[in-house]
Amino acid sequence: MADQDTMPRPPGEGTGRPAAAAQAPLDPKFAWPTTRTVLGTAVKRFDGPDKVTGRARYTFDINRPGMLYARIVRSPHPHARVTAVDLAAALRAPGVRGGLVHRQPGPEAANRVMFQGDEVAAVVADTEEQAIDAARLVKVTYEVLPHLTNVSAALAGTAPAVFTNGNVRQGQVQESGDLAAGFAAAAHTLEQTYETHVITHVCLESHGTVCEWEGDRLNVWISTQGINAARENFATALNMPQANVRVQCQYMGGGFGSKALSVGAEGLICAQLARQTGKPVKLMLDRKEEHLAVGNRPSAAARVKAGVSADGLITAFDAESWGTGGAGAAAGFPLPYVYRIANRRRSHKDVFTNTGLQRPMRAPGHPQGSFITEVMADELADLVKMDPVEFRIKNLPPEAPNAMWRSYLREGAEAFGWSKRHATGDPTSGPIKTGMGVAVCTWGGGGRGPAQAHCEIASDGSVIMRVGTQDLGTGTRTLVAVVAADTLGLPAERVTPQIGDTNHGVSPLSGGSTTAASISPAIRVAAVKALDALKEKVAPVLNVDPASLVATGGRLHMRDDANKGLGWTEACKHIGPQPIAVDGDWQPGLSSVTTSGVQFAEVTVDVETGIVKLTRILAIQDCGLVVSRLTAESQVYGGIIGSLNFAMYEDRILDRNTGQMVNPNMEWYLLAGMSDMPQMEVRLKDQPERGVIGIGEPPTVPTAAAIALAVRNATGATMRSLPLTPARVLNAMRQQNVRRA
Amino acid sequence: MAPKDDGVDGINRSRRRFLKSTGVVGVAASVIAPDGAAAQTGPAAAGPGAVPVRLQVNGRQLDLMLEPRVTLLDALRMRADLTGNKRGCDRGACGACTMLVDGRPVYACSTLAIAVQGKQIRNVDGLAQGDTLHPVQQAFCDKDALMCGFCTPGFVMASVGLLEQHPNATAEQIRKGLDGNICRCGTFPRIFEAVSSVAGGRRG
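Cut-offs and rules
- Residues numbered from 1 in each chain as written.
- Chains lettered and ligands numbered in written order.
- Predicted model: local features only at pLDDT ≥ 70, side-chain atom pairs only at ≥ 80, totals over all residues.
- Helix = DSSP H or I, 4+ residues; strand = E, 2+ residues; numbered from the N terminus.
- Rg over C-alpha atoms; globule rule 2.2 N^0.38 Å.
- Contact = placed C-beta atoms within 7 Å.
- Domains from an automatic or database assignment.
- Nonpolar A, V, L, I, M, F, W, Y, C, P; charged D, E, K, R; others polar.
- Core = buried A, V, L, I, M, F, W, Y, C linked by C-beta atoms within 7 Å.
- Buried ≥ 20, exposed ≤ 12 C-beta atoms within 10 Å, placed from the backbone.
- Expected span 1.5 Å × (residues − 1).
- Pairing = 2+ DSSP bridges.
- Axes fitted to C-alpha atoms, helices over the stretch in contact; angles between N-to-C directions.
- Right-handed = clockwise from strand over helix to strand, strands pointing away.
- pLDDT = per-residue confidence, 0-100.
- Parallel < 35°, antiparallel > 145°, perpendicular 65-115°, else oblique.

Participant: Explanation requested: the overall build of chain A in the structure shown.
Facilitator: Secondary structure summary: chain A contains 17 helices and 29 strands in total. For 741 residues, the compact-globule estimate of 2.2 N^0.38 gives 27 Å, and the C-alpha radius of gyration of chain A, at 27 Å, lies within 12% of that figure. Seen through its principal axes, chain A has C-alpha atoms that stretch 90 × 70 × 45 Å. Long-range contacts, defined here as pairs at least 24 residues apart, represent 81% of the contacts in chain A between residues at least 6 apart.

Participant: I'm lost on the environment of Glu399(A) in this one. Help?
Facilitator: You can see Glu399(A) is positioned in the loop between helix H10 (388-395) and helix H11 (405-416). Residues within four places of Glu399(A) in sequence aside, it is in contact with Met404(A), Arg406(A) and Ser407(A).

Participant: Even after reading the chapter, I still don't get the domain arrangement of chain B, so can you show me in this structure?
Facilitator: Accessible area lost when the parts come together is the quantity often used to give the size of an interface. Residue and element names in this part refer to chain B. Looking at the assigned domains, one finds that chain B contains domain 1 (50-122) and domain 2 (127-204). For domain 1 versus domain 2, the separation of C-alpha centres amounts to 21 Å. Opposite the 14 residues of domain 1 that make contact, domain 2 presents 12 residues. Going through the elements one at a time, strand E3 (98-101) and strand E4 (104-107) are the ones with two or more residues in the side of domain 1 that touches domain 2. If one sorts the elements of the side of domain 1 that touches domain 2 by residue count, E3 sits on top with three residues. For the side of domain 1 that touches domain 2, the class distribution of residues is six nonpolar, six polar and two charged.

Participant: Explain the nonpolar core to me, please; I cannot follow it from the model alone.
Facilitator: The tendency in soluble globular proteins is for nonpolar side chains to be buried as a group. Residues and elements named next belong to chain A. Counting 284 residues, the largest nonpolar core has Ala70, Val123, Ala484, Ile523, Ile707, Ala708 and Val711 as the members making the most contacts within it. With 13 residues, the single largest contributor to this core is helix H13 (residues 515-542). If sequence neighbours within four positions are ignored, Ile523 has contacts with Ala453, Met465, Val467, Val480, Val483, Ala484 and Gly584.

Participant: What's the story with the interface of chain B and chain A in this structure? I'm lost.
Facilitator: The interface is formed by 54 residues belonging to chain B together with 49 residues belonging to chain A. At the level of secondary structure, the elements contributing two or more residues to the side of chain B that touches chain A comprise helix H1 (15-22), helix H4 (135-142), helix H5 (152-165), helix H6 (171-177) and helix H7 (188-198) of chain B. The leading source of residues in the side of chain B that touches chain A is H1(B), at five residues. Looking at the side of chain B that touches chain A residue by residue, the classes come out as 26 nonpolar, 11 polar and 17 charged.

Participant: Please clarify how helix H12 (residues 476-488) of chain A should be interpreted in this entry.
Facilitator: What sets the pattern is the α-helix's 3.6 residues per turn: residues three or four places apart point alike. Residues and elements named next belong to chain A. If you check H12, its first and last C-alpha atoms are 19 Å apart, about what 13 residues at 1.5 Å a residue would give, namely 18 Å. A large share of H12 lies buried, amounting to 13 of its 13 residues. One or two steps after H12, the chain reaches Gly489, where phi turns positive at roughly 70 degrees.

Participant: Just to check I follow, could you spell out the sheet that holds strand E6 (residues 139-144) of chain A for this structure?
Facilitator: Whenever strands of a sheet pair, they do so through backbone hydrogen bonds, lying parallel or antiparallel. Residue and element names in this part refer to chain A. The three strands are arranged E4-E2-E6 in an open sheet whose pairing can be described as antiparallel. With one partner strand each, in any of the chains shown, strand E4 (112-113) and E6 form the two edges of the open sheet. Strand direction decides the pairing type here: strand E2 (residues 80-86) and E4, joined by two bridges, are antiparallel. Pairing of Arg81 across the sheet is with Arg112, part of E4.

Participant: Any chance you could explain the sheet that holds strand E28 (residues 611-622) of chain A here in plain terms?
Facilitator: Residue and element names in this part refer to chain A. Pairing in this open sheet of four strands is mixed, and the strands run E19-E27-E28-E29 from one edge to the other. The open sheet has two free edges, formed respectively by strand E19 (432-443) and strand E29 (679-685), since each of these has just one partner strand. Each neighbouring strand pair of the sheet contributes to a mean axis angle of 15 degrees, computed without reference to strand direction. Taken together, the seven bridges between E28 and E29 define a ladder with parallel strand orientation. Across the sheet, residue Asp622 finds its bridge partner in E29, namely Lys685.

Participant: How should I be thinking about the pairing of strand E1 (residues 51-57) of chain B in this particular structure?
Facilitator: Each regular strand carries side chains that alternate between the two faces of the sheet. All names here are of chain B. Taken together, the seven bridges between E1 and strand E2 (residues 60-66) define a ladder with antiparallel strand orientation. Considered in E2, the bridge of Val57 is made with Arg60. Between E1 and E2, which pair antiparallel in sequence order, lie two residues; one of them, Asn58, sits at a positive phi of approximately 50 degrees. Where E1 meets strand E5 (residues 120-122), two bridges bridge the pair, whose relative direction is parallel. Across the sheet, the residue bridging to Gln56 is Gln120, located in E5.

Participant: What should I look at first to understand the pairing of strand E12 (residues 217-222) of chain A in this one?
Facilitator: Residue and element names in this part refer to chain A. Summarising the sheet, strand E11 (residues 208-214) and E12 pair through six bridges and their orientation is antiparallel. Bridging from a neighbouring strand, Glu212 pairs with Asn219 of E12. Adjacent in sequence and paired antiparallel, E11 and E12 are bridged by two residues, among which Gly215 carries a positive phi angle near 60 degrees. Pairing of E12 with strand E13 (residues 245-248) involves four bridges; the strand directions are parallel. Pairing of Val220 across the sheet is with Val247, part of E13. Read as a crossover between parallel neighbours, the route from E12 over helix H6 (residues 227-237) to E13 is right-handed.

Participant: Mind showing me how you'd approach the confidence of the model for chain B here?
Facilitator: A low pLDDT means the predicted coordinates there should not be read in detail. Residue and element names in this part refer to chain B. The predicted model of chain B has a mean per-residue pLDDT of 85, with 77% of residues at 70 or higher. Of the regions scoring below 50 in pLDDT, residues 5-39 engages in 29 contacts with residues more than four places distant in sequence or in other chains. Prediction confidence for the complex, expressed as pTM and ipTM, is 0.93 and 0.95 respectively.

Participant: Please clarify how the packing of helix H9 (residues 366-383) of chain A against H10(A) should be interpreted in this entry.
Facilitator: The relative placement of two packed helices comes down to the angle between their axes together with the axis-to-axis distance. Residues and elements named next belong to chain A. Packing of H9 against H10 leaves a shortest axis separation of 9 Å and a crossing angle of 105 degrees. Considered as vectors, H9 and H10 are oriented roughly perpendicular to each other. Between H9 and H10, the residues in contact are Ala377, Asp378 and Ala381 and Pro388, Phe391 and Arg392, respectively. Each residue belonging to the contact of H9 with H10 can be placed in one class, and the counts come to four nonpolar, no polar and two charged.

Below is the structure:
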């Protein structure tokens, strides 16, 4: 599998590979409780009130005394050599306090800018307006070089030679089974090309940083998916001890992967300008910079030849795939997706282009692999006149706790009214056609350490659970409280979660849907230990064995006599002036990997205008033990909506002559709004015996394919590329009619 | 001023939908600079340096020295530390900056501070009464109508503006009224639920 090699992955993750069932925890007392009082319930998001009132301080909202504002000067050219950078006029401008050259001028390859938006220089001034003015006064001289933004030209060898080691990187061929025998067993074969486009993350809060030096110590506020990784990034790049860097991120306005792996040039430039000026500096990117320079989802394409037996088994799959992740980054994706095909071969090429580098984007590679495989699957199903649900059931891996597609497909088909679906092409008269589609997904989402949790219980009954993690908007703060409260027999609001600060300890970066599965076990362990310590304090008072005490309903009491015990506050009075303070870490047995999900979509298509309206979505999704029901469901809604944007609206459009992005904003880079929402039903499956598994990514995988297949079902025209704009739908229908004629 | 042309009352066709369905390409709006003659006969030009600007924000008077080009959003965020409303796109497309000016939702990123002197400005920082949330804020919390929360202040203000004009807003009015705001995390179904629960209980 030529998957993203940039994404941290827990072992055992993959497409449909059976994962080991959750093993027992080190000590049985840490096991998840069989009766759960707070876990899995609909606890209101902890930071709701702070966010709806505007009190929540994001990096963008950090205002420090004497703070300056920085601005990066970026290349307008997709490929050029920087021959001179003159900061003089900028440094003389009103309010300007400093500046730096990021891309040194010179004759070498390293003196080149490789994409529109590549960093060249930066300035810092008293106000943001002054910084923007000054950035315009920085005089950069470029020797413009031939650029490459056309993937087909790169593959055909007709593009200018741009990249030192070649414009195209051929990956290894992956092969298993006997392809010739597979095609020999096929009753029908299909040869088609499928492709998906580049989209960008569009986090509503842009990438941004505030840096403030105190002597040789650096305080950083940064919109990041990994505060501890950010600390390492800053210390390494600035050649200083990690002990001297503190990173905070209390609230962040989305990341979707683009804020996971590195603080980027933008983070380091902020720290450098703060050091140069001796003042706190804020550097927030604007929307255009966001689109150009800080990540995107790579394109993906595959020329596929596949064979299907008369009874609907995919017997052979032979694919050449490619994609572009920009100026030097890989563009891998899993192919074929999920389906079990005994005889297969796949070769992949990464195509480098003079565009911004990809960064992991929500379920890296999976939406692309899913689209290509699922559209192919429906084409094969039609060749053998088989229902798409039955076709999937026949070709998916065997049912297992981490591979529940068969059950979910049957349940979903029933609930969605799949039996009312017509064959490909709505036979009714009139211009509005209706169709349904279905697709499946998987994701790993396991946990790992170190993920330290620190629990304190004070004599006034306060409970603090402190974890050096961060909340992308998924609800981490709420999850911390839910896990602790359930263990301590308290309502969630009695726990004070503290996160978002490297002073709180070490926790993994939030990527690959691993946060919940990493920190929940650590919190559970810390809370169990803290409760044990409290029992030790209280047992002598009650004159009982500590092991006979349990905590439920806000009381610490005898297991078999709820009346014999103390209320939480009373019990905690026996703690004394020194709070109970214990630590926990992730350990195996409380989390596992690999989820399954299915989604059904229904659309109407106006065949005269090509306008698609998404009318209904049903999602069935598991994530092991459901920790926090409201926030978990919200993740599924969000995943669906992210994917419908990918399917129908978003598109990074490049000018074919200049190589520049023509829609680096939010009015021509389209995103769905309230009126574009379909009816949505989310069925979250609880699998408590498996422990915690992440849910951020899987629900954003199958929606796009399900929608494209619904359009196919409505119109009879196969949508083999995205997004499903009116023009693309009309073109597909016209080609279909030409073939029929 | 940048009123949000969501067409709740008037033409039943929002700006977003119009752009999307037609794919119109071209100059959406052209900025017309005053020529020399007009500049001489018109009011004296302010700036380019900082000028005194008096704003009425959340019922309080705010005296600031601002360059005339400073937007209402930036004035409040960077000069008055009222950071509740956010800047997502800076071009009147995402709605995170939505504030109420004389009761009308406006994109504060595309509204000059100097142009709204003498008007009643409300941003999200002033909406709650102490610890008591506005019913719209409470509904957002109850329905989990937020994730990262960066769009939330804009959605809350747009919803408040909508419900003040249409206390019994229909489902269609709610959809149209909030079409000028983007949530990237994808909380729309729950925002709809939240606003519907405040809107006189009318659903459908």
